[in-house]
Amino acid sequence: MSKERSVREKTIIRTSIIGIAANVVLVLFKALVGIAANSIAVILDAVNNLSDALSSIVTIIGAQIGAKAPDKKHPFGHGRAEYMSQVVVAAIILYAGITSIVESVKKIIEPQAADYSALSLVIISVAVVVKLILGIYVRKKGQQVNSGSLEASGTDALFDAVISVSVLASAVIYLLFGISLEAYVGIIIALLIVKSGIEMVRNAVDEMLGIREEGGLSGEIKATVMEEDGVHGVYDLILHNYGPDHYLASAHIEVDDTLTAAKLDTMMRSIQARVYEKHSVIMTAIGIYSVNTVNDEAAKIRSAIRKTVMSYDGVLQFHGFYIDPKSKSITFDIIIDFDADRQKIYAEILKEICSAYPDYNVRITLDNDMSD
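So, here's what we can say about the structure. (Residues numbered from 1 in each chain as written. Predicted model: local features only at pLDDT ≥ 70, side-chain atom pairs only at ≥ 80, totals over all residues. Heavy atoms only, no water.)

1. Here's the deal with the environment of K351
Residue position: K351 is located in helix α10 (residues 342-356). Residue classification places K351 among the exposed residues on the basis of a relative accessible area of 62%. Here the alpha-carbon distance between K351 and I101, two residues 250 residues apart in the chain, equals 59 Å. (Helix = DSSP H or I, 4+ residues; strand = E, 2+ residues; numbered from the N terminus. Buried < 20%, exposed > 50% of the residue type's maximum accessible area, 1.4 Å probe, protein only.)

Structure, rendered in structure tokens:
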């Protein structure tokens, strides 16, 4: 295990343990207050804190599994276990939310008067402050080590602070005006819990399915590759996510068509070293797009075709252009927005280019928009 990943695992575990300790204390105090005051809202608030404690335990387990070194069965490591742990955390949160809705509805059907004391109000107020501090701390640590589970836990803690404020407000309203909002506040709490669980499931599933990389790391990697002498463009960058901060990547680069295999080999090894040193990303493959350098006619044709292709709405990128004068072929790649009618636009472009250059065999590759 690398030093960075070891530090990351320790940070996740230490932060989660702090969260567990804080939530267990809050559960005990809120449960006692809720039972003593006969308050369904306070009891559900305690249940919410209990789900947070369980979530932190699952986060620790996921971090430890994810930090395991690669083995014969899992050569890419175990990093994706953290996304699985997020799904388990979400399931716990959803269960707590749905159960809370059921209990709140029961209290609406059969209402029972609450009996708040000054001490109970003080405890709820302290819980608000504790949750605010805990939420900010946990979310900050999650951002520092790129842990989705920690960030989710921190955000959830901040939501809990808002929930506790609503519980406190309902208690004050009851004491001042005799109006009981207990069960209704309980439903609001439950709905917020369910919403948090659904969002966590969606985020974890997105990561496991693979999502488009926007800016950030993909842009930084492309900039690093462009630092290499002789590289004219970087395209088709794909980042394969095998867990937080664990990426393998592949890309195409545009280079002069006069480069020898020895020169290309040196260039690609240099790029791989640069990218790993700066971003800790392993470039597993680097493809080559040749750029015509000894044919002035090719440059004119490229400019004309580029202008034609980019005139179509929905076309995002044109790259990889090359003319082979011996085989009389023109090849290039285009990227069309997923929101557009990709096949229709592709067919229209192919038809127009073939008509404009009937003496050439035109091959166009329709690429996916995988990163900025």
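Read on for the rest.
2. Some remarks on the packing of aromatic side chains
In this description, an aromatic ring pair is defined by two values, namely the gap between the centres and the angle between the planes. In total, this model carries 4 aromatic pairs according to the counting rule given. When the ring of F318 is compared with that of F321, the centres are 6.0 Å apart and the planes differ by 35 degrees; the resulting orientation is tilted. You'll find F318 and F321 in the same group, each marked buried. On the numbers, 6.2 Å between centres and 25 degrees between planes, the contact of F321 with F332 is stacked. Highlighted residues: F321 in strand β4 (residues 315-324) and F332 in strand β5 (residues 329-336), separated in sequence by 11 residues. (Phe/Tyr/Trp six-rings, centres within 6.5 Å; stacked < 30°, edge-to-face > 60°.)

3. As for unusual backbone geometry
Located in the positive-phi region is S280, a residue other than glycine, with phi close to 55 degrees. Unusually for a residue other than glycine, K328 sits at a positive phi of about 55 degrees. Among the residues examined, K328 registers a relative accessible area of 34% and is labelled partly exposed.

4. A closer look at the sheet that holds β5
Strand order in the open sheet made by the 3 strands is β4-β5-β6, with mixed pairing throughout. The open sheet terminates on both sides in strands that have one partner only, identified here as β4 and β6 (361-367). In this sheet, adjacent strand axes meet at a mean angle of 15 degrees when their direction is disregarded. Two elements, β5 and β6, share 7 bridges in a ladder whose sense is parallel. Each bridged residue has a counterpart across the sheet, and for F332 the counterpart in β6 is I364. Its contacts with the sheet put helix α9 (residues 296-310) on β4 and β5, and the angle it makes with β4 is roughly 155 degrees. Sheet contacts for α10: β4, β5 and β6; angle to β6, the most-contacted strand, approximately 160 degrees. (Pairing = 2+ DSSP bridges. Axes fitted to C-alpha atoms, helices over the stretch in contact; angles between N-to-C directions. Contact = heavy atoms within 4.5 Å.)

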